[in-house]
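The residues making up each chain are set out below.
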Amino acid sequence: MQSAITNTATRYGWATILLHWLIALIFLGQLGLGFVMVRLTSQRTAFELIQLHKSLGFLLLGLIILRIAWRLGNSTPPLPLSVGQCERRTAPLAHLALYAFQLALPLSGWALVSVSTLEIPSLPFNLFIMPNLPLAESDAAESFWAAAHWYLAYAGMALVTVHIAAALRHHFQLGDAVLKRMITPSSE
């Protein structure tokens, strides 16, 4: 009997499921936090929320790297036979795009704080100072990375929306186990 921690031939294991939902919660929370923190009038509150946003961004980056490593080291259950050829071809591309955006978004945020001429240190959860990436500080670079971070956030939101819609379609319209297997592992 295979452990419920690793993936089986039909379902994802607890490690995959927990990483998936933890990353999803942090990612969605980060999007909301990003919108709120830039619209505040209180500079102190904005500063604290920006530090929290950076802390969660570094955590998200680490979890995404762990998730990708876990996926590469574990088998992925195949899609049900009811899934058509077009979706079989596009699903891996969609997952690859999700991983790419989930890596690019925190990396662009890290680049943004690294090139900022304000030189405000990043203090992940007030535990240590995260070193900046080796990028030159300038207003032009800060503008570029701010725009990149913004566009990546909106593209990430679009991808996540499509991902959620596809999962709900599988569950409610197609009635297959695609969503169910990401909620609880099988006992096989």
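This one's a predicted model, so the numbers in the text were calculated from it and none came from an experiment.

### What to know about the packing of aromatic side chains
Move 1: What the rule picks out here adds up to five aromatic pairs.
Move 2: Here Phe58 and Trp110 contribute two aromatic rings whose centre-to-centre distance is 5.3 Å and whose plane-to-plane angle is 90 degrees, an arrangement assigned as edge-to-face. One end of the pair, Phe58, is in helix 2 (residues 43-73); the other, Trp110, is in helix 3 (residues 85-115), with 52 residues separating them in the sequence.
Move 3: The class of Phe58 is buried, set by a relative accessible area of 15%.
Move 4: Between Phe144 and Trp145 the ring centres are 5.0 Å apart and the planes differ by 80 degrees, which places this aromatic pair in the edge-to-face class.

### Describing the packing of helix 1 (residues 14-37) against helix 4 (residues 139-174)
Angle between the axes and distance between the axes: these two values describe a pair of packed helices.
Move 1: With their axes 11 Å apart at the nearest point, helix 1 and helix 4 run at an angle of 135 degrees to one another. Between helix 1 and helix 4, the interaxial angle falls into the category oblique. Relative to helix 4, helix 1 is oriented so that their crossing is left-handed. Contacts between helix 1 and helix 4 involve His20, Phe27, Leu28, Leu31 and Phe35 from the first element and Ala153, Tyr154, Gly156, Met157, Val160 and His163 from the second.
Move 2: Grouping the constituent residues of the contact of helix 1 with helix 4 by class yields eight nonpolar, three polar and no charged.

Calculation notes
Residues numbered from 1 in each chain as written. Predicted model: local features only at pLDDT ≥ 70, side-chain atom pairs only at ≥ 80, totals over all residues. Heavy atoms only, no water. Phe/Tyr/Trp six-rings, centres within 6.5 Å; stacked < 30°, edge-to-face > 60°. Helix = DSSP H or I, 4+ residues; strand = E, 2+ residues; numbered from the N terminus. Buried < 20%, exposed > 50% of the residue type's maximum accessible area, 1.4 Å probe, protein only. Axes fitted to C-alpha atoms, helices over the stretch in contact; angles between N-to-C directions. Parallel < 35°, antiparallel > 145°, perpendicular 65-115°, else oblique. Left-handed = near helix turned anticlockwise from the far one by under 90°. Contact = heavy atoms within 4.5 Å. Nonpolar A, V, L, I, M, F, W, Y, C, P; charged D, E, K, R; others polar.

Scope: geometric values only; no functional claims are made or implied.
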